[in-house]
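One-letter residues, chain by chain:
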Amino acid sequence: MKKKTVCAFLSLLLTVPVVQAQESEEEVFPLSEVIVTATKTSREVKSVPTAVQVITKADIEARGAQTLKDIISTATGISVMRSDGKNAISIRGFDSRFSMILIDGKRIASEIDQNYELERIDLDNVERIEIVRGPANSLYGTDALGGVVNIITKSPVEQALTLRFDHRAYGGNEGARDNYHFAYDSGRIGKYGVTISGAQLKNDASFKDDGTTYAPFGKINNFNTKMDYHISENEIFTFTAAYMDEDTREHVFKQTPAGKVKTEVHDDNERTEYALSYSKQQDDVSVFFRAYLSDYYKNVDVHNLANNKFMNFGKSHRTVPGFETRLSKNYGADHLLTFGGEYRPEKFRGTGVRTGKGIYTETYKDPVSGEIKTLQGSKVDIDYSALYVQDEWQASSKLLAVTSLRYDDSNKFGSNVSPKLGLTYQAADDLRVKLNVSKGFRSPTPNQLYINSQVVRNGKAMTLLGNPNLDSEDSNSYELSLERDWGRTTGKITYFTNKVSNMIEEDMIDSSTIQYKNIDKATIQGMEAEVAYPLSEKMLWTTSYTYLDAVNDTEGSRLFNRARHKIASRLSYVESSAGLRANLWAETYSNYLYEASAGVGRNKSYTLWNLNLEKAISSNSAIIVGVDNLLNKQDDDLSIQGAYIHTSYKVKL
């Protein structure tokens, strides 16, 4: 069946006649896009061998998106994993641990496993989001085995102050959420320019039938600023700073010797980030240097909801300083070489890790009862260093070859070399063939090696155990794509396969315990199909389909928490003269296998319809209304609560 589907789509791609909307002076849906993340140099999306996608600021606004969670799920090859009660991304079947989330190309400190970041990253200061699907280890090193999501923030352009007020809620105003946003752009003032943005997101609790919460409730505060200083038109210093404060709670069940009790998990997180970069473009040479620091604190306390008794607490602190540099230079008319390096001395301390090194004592006084508890913590310091080189070779007018090689080393793990070859062959003006071959790796994180802590999985508090005997993961990946244009209509089909050795997965040992383990051999392969078709100069239809076959080859079983089929389809309408913008989109997940209990999987299939309407009420203000999950789909197992109605007002001063 799969072979017939592929052949049918290939035939369509190669034989469909040119069909396009009438050209207009106003390009409502421009097709020419540039991406930086795939090669760390600017290239048109069509020429890049790697599978990529750009989500523009216009896309973000059209969907009424406020956080990364609101926009990322409809991207090709990306699924949302829901079975642990939180939203986490999966790129081509690799879960969030294999997917790097970057801001302006730099790492951020988090829980190491980035299951929580989708709600924390606010989009007010975001210019675009660049997505690279497939291994990117040859440029980005460990953690990029599945792909990269790079959030590009705005630079100062035009003086303006934008305010936005938003209210969202499920039926009966349950889970009500009030959001307040501002964004200021100074524009270019001589050599300087500044952008400042901030947001507060507050949401109430919403409960399942068993009394547990669908998702964490509380508030998240974000503040971001960016300052550019132009030494000249081609030489810039950029300083960025960001602050995130998250204070949330969850109601979950916890298994104790006395039986199952309902608890409240209070999670307090704080992150500060600073970065200073220098870039210069001169003739055929570009230079970039950046120093950054990302500091993350996490505090957790747990109470018995029946008697408000203080049960436990945890504290951790992760620091990610980094230094990176690169130089790109044209050699002759055909080669663009990029040389780069990175040094990152990370520090991790916590009561939930058992490294046996740097042991210390942490004392916590419960603010409710005054009770004092003491826990032992430990430390781990890992120094990462890397060098990489890339050659973009225009071998002929029709063939582009991009080869890259990265060497990674650390004081805890052995060194690794990650090579990659990408080819783009322009068979005709409207037809491209792309091939990628790569070898990747991922070292175990401190959490995976040493954690001994409580985590929440789908309404249950469980003990997550590290495994100090874990091996690094290795992958061999292959990808073949065919792209075709019919005027402004585009189509693409991609086959990908990843052979992974020592894949690290969570293993549910019993009803209350999880431990990381290596899977000797795993295969993650599939097919992606994409179409973008302008129905008129005002209306665009886009759709993508992903088939995924993710298998534990050692046991001959499917990997949990992945859908066999995913379809994302969107219809966009823009009437500029009336100040009207409408978007209707749907996401279908078919044969989604989640782990219902230890080693027991259950299949789910569902479709979520969403609608967003925006109407200008003056030249500088607009009202937005929308409904997520329009048909009120509900599933407690996957934390799908039902229809979610939102209204917003934004004004630009």
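All figures in this text were calculated on a predicted structure; none of them were measured in a lab. (Residues numbered from 1 in each chain as written. Predicted model: local features only at pLDDT ≥ 70, side-chain atom pairs only at ≥ 80, totals over all residues. Heavy atoms only, no water.)

Trainee: How should I be thinking about empty space enclosed by the protein in this particular structure?
Mentor: Rolled over the atoms, a probe with the dimensions of a water molecule shows which regions are left empty. Scanning the entire structure with this criterion turns up twelve cavities of 30 Å³ or more. Taken as a whole, the second largest cavity spans an internal volume of roughly 310 Å³. At the level of elements, strand S8 (147-153), strand S11 (192-203), strand S12 (217-232), strand S13 (235-256) and strand S14 (259-282) are the ones that each hand at least two residues to the lining of the second largest cavity. (1 Å grid on protein atoms, 1.4 Å probe; cavity = no way out; pocket = protein on both sides within 12 Å on 5 of 7 lines; lining within 4 Å. Points joined across faces, edges and corners; volume = space filled by probe spheres on them. Helix = DSSP H or I, 4+ residues; strand = E, 2+ residues; numbered from the N terminus.)

Trainee: What is the right way to read unusual backbone geometry from this model?
Mentor: Of all residues except glycine, most have a negative phi; of all peptide bonds, most are trans. One non-glycine residue, Asn561, adopts positive backbone phi at about 65°. With respect to the secondary-structure elements, Asn561 resides in the loop between strand S29 (557-558) and strand S30 (562-575). Positive phi values are uncommon outside glycine, yet Ser639 reaches one of about 55°. Structurally, Ser639 can be placed in the loop between strand S33 (621-628) and strand S34 (644-652). Take Ser639: its relative accessible area is 16%, and that puts it in the buried class. (Buried < 20%, exposed > 50% of the residue type's maximum accessible area, 1.4 Å probe, protein only.)

Trainee: Can you help me understand the side chain of Arg168 in this one?
Mentor: Mapped onto the fold, Arg168 is located in strand S9 (residues 160-170). There is a polar contact of 2.9 Å between the side chain of Arg168 and the backbone oxygen of Gly64. Side chain to side chain, Arg168 and Asp166 meet in a polar contact 2.9 Å long. Beyond its immediate sequence surroundings of up to four residues, Arg168 is in contact with Gly64, Gln66, Asp70, Gly175, Ala176, Arg177, Asn179, Asp628, Tyr644, Ile645 and His646. (Polar contact = N/O pair within 3.5 Å; in protein donor to acceptor, adjacent residues only side chain to side chain. Contact = heavy atoms within 4.5 Å.)

Trainee: What should I look at first to understand a nonpolar patch on the surface in this one?
Mentor: On the surface, Tyr192, Met227, Ile231, Phe237, Phe239, Tyr274, Leu276 and Leu293 cluster together to form a nonpolar patch covering roughly 690 Å² of accessible area. For the nonpolar patch, the secondary-structure elements that each account for two or more residues are S12, S13 and S14. Among the secondary structure elements, Leu276 is positioned in strand S14. The class for Leu276 is partly exposed, based on a relative accessible area of 44%. (Patch = residues over 30% accessible without salt bridge, like charges linked within 9 Å, V, L, I, M, F, W, Y side chains within 5 Å. Areas by Shrake-Rupley, 256 points an atom, 1.4 Å probe, with all protein chains shown as cover. Salt bridge = Lys/Arg side-chain N within 4 Å of Asp/Glu carboxyl O.)

Trainee: Just checking my understanding: could you explain the pairing of strand S27 (residues 513-534) for this structure?
Mentor: Within a regular strand, side chains alternate between the sheet's two faces. Taking burial as the measure, the 22 residues of S27 include 16 buried ones, the bulk of the element. Direction of pairing for strand S24 (residues 460-465) relative to S27: parallel, over a ladder of three bridges. Each bridged residue has a counterpart across the sheet, and for Leu464 the counterpart in S27 is Ile514. Relative to S27, strand S26 (residues 489-510) runs antiparallel, the two sharing 19 bridges. The partner of Val500 across the bridge, within S27, is Ala522. (Pairing = 2+ DSSP bridges.)

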